[in-house]
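# Structure at a glance
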Amino acid sequence: MQKFVILWLGQMVSLIGSSMTAFALAIWVWEITHQATALALFQFFAQIPQILITPIAGLVVDKVNRKLLMIVGDAAGGIVTVIVLLLYLTNNLQLWHLYLAFAVKCTFEQFQELAYSTSISTMVAKHEYSKASSLGFLAGHGAIIVAPALAGVLYGIIGLVGILIIDITSFFFAIATVICIHIPQSTPTKLSICDRTNILHDINFGFKYIISRPSLLILLTLTATFWFIHDIGEAVYKPMILELSGDDTKLLGTLFLVSGIGGILGILLINIWGNKQPRIYGVLLGMIGAGFSKIILGLGRIPLIWIPAQLCSSFNFPLLGSSNDAIWLTKVDPKIQGRVFASQSMILLLVSAGANLIAGTLADHVFEPAMMPGGTLEPLFHNLVGTGKGSGMALMYVLSSIGLLLVGLIGYTVRKLREIEVILPDYDHIS
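Parameters at a glance
- Residues numbered from 1 in each chain as written.
- Predicted model: local features only at pLDDT ≥ 70, side-chain atom pairs only at ≥ 80, totals over all residues.
- Heavy atoms only, no water.
- Helix = DSSP H or I, 4+ residues; strand = E, 2+ residues; numbered from the N terminus.
- Polar contact = N/O pair within 3.5 Å; in protein donor to acceptor, adjacent residues only side chain to side chain.
- Contact = heavy atoms within 4.5 Å.
- Phe/Tyr/Trp six-rings, centres within 6.5 Å; stacked < 30°, edge-to-face > 60°.
- Buried < 20%, exposed > 50% of the residue type's maximum accessible area, 1.4 Å probe, protein only.
- Core = buried A, V, L, I, M, F, W, Y, C linked by side-chain atoms within 4.5 Å.
- Axes fitted to C-alpha atoms, helices over the stretch in contact; angles between N-to-C directions.
- Parallel < 35°, antiparallel > 145°, perpendicular 65-115°, else oblique.
- Left-handed = near helix turned anticlockwise from the far one by under 90°.
- Nonpolar A, V, L, I, M, F, W, Y, C, P; charged D, E, K, R; others polar.
- Salt bridge = Lys/Arg side-chain N within 4 Å of Asp/Glu carboxyl O.
- Patch = residues over 30% accessible without salt bridge, like charges linked within 9 Å, V, L, I, M, F, W, Y side chains within 5 Å.
- Areas by Shrake-Rupley, 256 points an atom, 1.4 Å probe, with all protein chains shown as cover.
- pLDDT = per-residue confidence, 0-100.

Another aspect to go through is the side chain of Thr-37. Mapped onto the fold, Thr-37 is located in helix α2 (residues 36–63). Among the polar contacts listed, one links the side chain of Thr-37 to the side chain of Asp-364, at a separation of 2.5 Å. Thr-37 has contacts with Gly-360, Thr-361 and Asp-364, leaving out every residue within four places of it along the chain.

Structure, rendered in structure tokens:
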């Protein structure tokens with residue numbers, strides 16, 4: 001666990017740098033476009049190459065040194081950020097440059113993230129899986145606390161250039177921590193050695209593995225549905241807050257800070273709660289709690305409501321995510337986790353890309369016009385979300401949040417999901 005914490009620390013620093021860049025670029029793009037579509041397309045173009053490369057990435061992670069893959073992933077991210085910096089300094093940076101840069105960066109990150117997640121089961125004991133997974137959420141929420149606040153302040157002082165330089169520096173730190181520790185590599189299974197000449201068989205292995213286990217398939221279907229609905233609302237979150245607050249970037253940064261604090265509190269709960277069974281209840285409770293909190297956030301029109309609602313919303317995601325991760329880590333043999341996790345990741349990326357592709361268009365061309373004075377939906381919902389700019393996105397956010405709540409409630413009615421930890425045996429873990 002001590003070595004894993006060192007690895008985690010380096011990745012957290014890198015994540016903070018990348019989050020600062022993402023926040024600063026989002027402000028820059030909103031300033032020049034004022035379109036939800038432009039922001040949503042960032043995520044879409046980042047996900048498309050990830051979807052294409054993920055099955056191969058899973059195969060590579062199972063066969064190639066995971067330490068090397070993490071170093072290459074961090075190095076590639078640093079190089080892409082340098083290119084963006086040079087384009088900006090020469091006044092040549094355009095939106096399509098950023099879309100392409102995010103696509104390349106996220107392609108390498110997919111290898112890096114898969115290598116990192118599959119290293120958990122080789123570096124820590126089984127009873128520490130939930131805590132190790134929760135550290136990943138701690139890094140994410142820690143970045144949410146630090147990055148927007150820093151980026152919001154530094155954007156007006158050192159500008160986008162200074163923030164990009166900080167991001168580049170963070171990649172060097174991440175690479176140094178990976179170099180300093182030993183990351184065990186699982187020995188390839190007999191199956192993967194025999195099928196070495198059949199790449200398609202290896203790529204399809206993860207999907208076949210999940211399909212042959214109905215409880216895992218149901219869990220993946222439920223989480224994919226949850227994240228599809230979630231990402232529709234998340235795609236309009238930043239433009240919704242900026243539009244309703246009069247482009248108050250400090251308020252947006254504050255909400256991200258509060259989101260990070262909520263995540264930290266959720267992680268503390270996990271560590272106090274420990275390894276109590278069944279973990280699936282953590283997944284379902286997280287979904288229901290997130291949906292309910294986000295409904296309140298979407299209906300609120302003032303920071304006094306947004307801030308506590310965001311805190312409560314973010315509190316649920318570490319519980320949801322770490323419980324879900326712990327189930328997969330416990331049920332899937334580390335020797336095949338690369339391919340199985342890649343298949344899982346590919347499905348989640350597909351639904352997320354679909355959500356981001358349609359969310360911006362729905363916001364700019366359907367819901368926003370419909371909630372303007374005289375719009376088709378304005379008479380029905382103006383008492384709930386108001387009228388005018390931002391109200392259409394607020395309605396989208398509320399509807400997606402109701403969907404999240406329903407997904408969690410439906411999960412309780414499915415026996416094969418409720419009893420997944422009884423139905424599926426753990427893999428034979430060797431300490």
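Throughout the structure, instances matching the rule amount to 11 aromatic pairs. When the ring of Phe-226 is compared with that of Trp-227, the centres are 5.2 Å apart and the planes differ by 90°; the resulting orientation is edge-to-face. Looking at Phe-226, the relative accessible area reads 0%, which means it is buried. For the pair Tyr-237 and Phe-256, a centre-to-centre distance of 6.1 Å together with 75° between the ring planes defines the contact as edge-to-face. Here Tyr-237 is found in helix α10 (residues 237–244), whereas its partner Phe-256 is found in helix α11 (residues 249–273), with 19 residues between them in sequence.

Turning next to the nonpolar core. Of all hydrophobic cores here, the largest spans 105 residues; its most connected members are Leu-7, Tyr-237 and Trp-328. When residues of this core are assigned to their parent elements, the largest contribution, 14 residues, is made by helix α1 (residues 2–33). Excluding its chain neighbours within four sequence positions, the residues that come into contact with Leu-7 are Met-70, Tyr-116, Met-123, Thr-177, Val-178, Ile-181 and Ile-183. Counting residues in each nonpolar core, the second largest holds five residues, with Phe-44, Ile-51, Met-346 and Leu-349 among its members.

Let's shift gears to the packing of α10 against helix α16 (residues 391–411). Interhelical geometry of α10 versus α16 gives an angle of 140° and a closest axis separation of 9 Å. By the criterion of interaxial angle, the relationship of α10 to α16 is oblique. With respect to the hand of their crossing, α10 and α16 are arranged in left-handed fashion. Contact residues: α10 offers Tyr-237, Pro-239, Met-240, Glu-243 and Leu-244, while α16 offers Ser-391, Met-393, Ala-394 and Tyr-397. Grouping the amino acids of the contact of α10 with α16 by side-chain chemistry returns seven nonpolar, one polar and one charged.

A side chain of one charge can pair with a side chain of the opposite charge when the charged atoms of the two come close. Following the criterion strictly, the structure yields five salt bridges and no others. The closest approach of N and O atoms between Arg-279 and Glu-421, which form a salt bridge, is 3.9 Å. Within this pair, whereas Arg-279 is found in the loop between α11 and α12 (280–299), its partner Glu-421 is found in helix α18 (residues 420–423), the two being separated by 142 residues in sequence. Here the two residues Arg-279 and Glu-421 agree in accessibility, since each one is buried.

What follows covers the environment of Arg-301. Mapped onto the secondary structure, Arg-301 falls in the loop between α12 and α13 (303–331). What makes Arg-301 partly exposed here is its relative accessible area of 44%. Apart from the residues lying within four places of it in its own chain, the contact partners of Arg-301 are Trp-306, His-382, Asn-383, Leu-384, Val-385 and Gly-386. A polar atom in the side chain of Arg-301 sits 3.4 Å from the backbone oxygen of His-382. Within the structure, Arg-301 has its side chain in polar contact with the backbone oxygen of Leu-384 (distance 3.5 Å).

A few words on the environment of Ser-259. The topology assignment puts Ser-259 in helix α11. Ser-259 gets classed as buried once you look at its relative accessible area, which sits at 9%. Ser-259 sits 55 residues away from Ser-314 along the chain, and the two C-alpha atoms are 5.3 Å apart.

Below, the discussion takes up a nonpolar patch on the surface. Together, Val-64, Leu-68, Val-72, Trp-96, Leu-100, Val-104 and Phe-108 line one region of the surface with nonpolar side chains, adding up to about 590 Å² of accessible area. Those elements that place two or more of their residues in the nonpolar patch are α3 (66–89) and α4 (95–123). The element best represented in the nonpolar patch is α4, accounting for four residues. When you line up the elements, Phe-108 lands in helix α4.

Look at His-34: it is not a glycine, yet its phi comes out positive at around 50°. Secondary-structure assignment places His-34 in the loop between α1 and α2. For His-34, a relative accessible area of 37% corresponds to the partly exposed category. Here Asn-91, not a glycine, exhibits a phi torsion of approximately 60°, which is positive. On the secondary structure map, Asn-91 appears in the loop between α3 and α4. Residue classification places Asn-91 among the exposed positions, given a relative accessible area of 72%.

Another aspect to go through is the confidence of the model for the chain. The predicted coordinates ought not to be read in detail in places where the model reports low pLDDT. The pLDDT averaged across the chain works out to 83; a share of 87% of its residues lies at or above 70. Confidence, read as mean pLDDT per element, is least for helix α7 (residues 190–194) in the chain (43) and greatest for α16 (96). Considering only residues more than four positions removed or in separate chains, one finds that residues 189–197, a stretch of pLDDT under 50, has 10 contacts.

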